[in-house]
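A look at the structure
Okay, here's what each chain looks like letter by letter:
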Amino acid sequence: MKKIQLSWVLVVILSVVVAIFAYKFTAGAVAPSDEGRQAVLISKDERNALLLEMRTWLESAQGVLAAANSGDMAKVATIARVSGMAAEEETPGSLFAKIPIAMKTLGFATRGRFDDMAVMAEEGKSGQEISAYLADTMNNCIACHAMYTFVDEATVK
Ligand code: HEC
């Protein structure tokens, strides 16, 4: 009897722990901002790392467009992969719990689409098909920028 009760207590404790982790993972460190978007609260270094990642995405978008336009498919593949899933390794692990799940999903989807562009180029898709795919991908850029802003957590009480 005692044994059974103890295991239930353990189940309850573990469930609470899992729920806290799940909540932290999905909610992220967000707060309302004074300009309407959700502020994602991160450290100064994390913010700098993410903004660098963003500038790389912009460079890849421009590079893919230019290469697709001139029909240089090898270059499309190389440039697209710079922003593909493999580059996710450079993202600081400390961000894991801070980024809300909706933002992570959109971010991973964007990286995945850069990888798709590389594959499309390798599979002989036309420059026009690839630039259309990029145009569609850039709706992710717009959607995320409309929802979130990065704020240095040290500036928020
Ligand atoms: C998952 C969310 C998300 C996606 C997707 C996303 N961004 Fe961003 N990006 C942000 C946030 C948040 C900021 C910071 C905006 C702020 O604080 O005002 C930002 C900032 C930027 C900046 C400014 C960088 C700087 O140094 O200040 C550029 C450029 C940028 N994004 C380009 C892009 C491009 C291009 C894409 C699509 C290929 C893209 N982003 C997709 C979230 C995203």
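Just above, that's the structure.
Residues numbered from 1 in each chain as written. Predicted model: local features only at pLDDT ≥ 70, side-chain atom pairs only at ≥ 80, totals over all residues. Heavy atoms only, no water.

We now examine the overall build of the chain. A count of helical and extended segments in the chain gives five helices and three strands. Beginning at the N terminus, the succession of helices and strands in the chain can be written as α-β-β-α-α-α-α-β. On C-alpha atoms alone, the chain measures out to a radius of gyration of 20 Å, which is more than a quarter above the 15 Å that the 2.2 N^0.38 rule sets for 157 residues. Overall, the chain is about 75 × 40 × 25 Å in size when its C-alpha atoms are taken along their principal axes. In the chain, buried positions account for 32% of the 157 residues. Within the chain, counting contacts between residues at least 6 apart in sequence, those at least 24 apart form 75% of the total. When the accessible area of the chain is evaluated, it comes to approximately 9800 Å², of which 65% is carbon and sulfur surface. Measuring between centres, the 15 positive side-chain charges of the chain sit 10 Å from its 18 negative side-chain charges. (Helix = DSSP H or I, 4+ residues; strand = E, 2+ residues; numbered from the N terminus. Rg over C-alpha atoms; globule rule 2.2 N^0.38 Å. Buried < 20%, exposed > 50% of the residue type's maximum accessible area, 1.4 Å probe, protein only. Contact = heavy atoms within 4.5 Å. Areas by Shrake-Rupley, 256 points an atom, 1.4 Å probe, with all protein chains shown as cover. Lys, Arg positive; Asp, Glu negative; His and termini not counted. Charge placed at Lys NZ, Arg CZ, Asp CG, Glu CD.)

Looking now at the coordination of the iron atom of the ligand. Those protein atoms acting as donors to the iron atom of the ligand are M54 (SD) and H145 (NE2), and they sit at 2.0 to 2.2 Å. For the iron atom of the ligand, the six donor atoms are set out with angles of 88 to 179° between them, so the coordination reads as octahedral. Of this pair, M54 sits in helix α2 (residues 44-69) while H145 sits in helix α5 (residues 127-147), and the two are 91 residues apart along the sequence. With a relative accessible area of 24%, M54 lands in the partly exposed category. (Donors = N, O, S within 2.8 Å, 3.2 Å for Na, K, Ca; no water. Tetrahedral: all angles 85-135°; square planar, octahedral: opposite > 155°, others 65-115°.)

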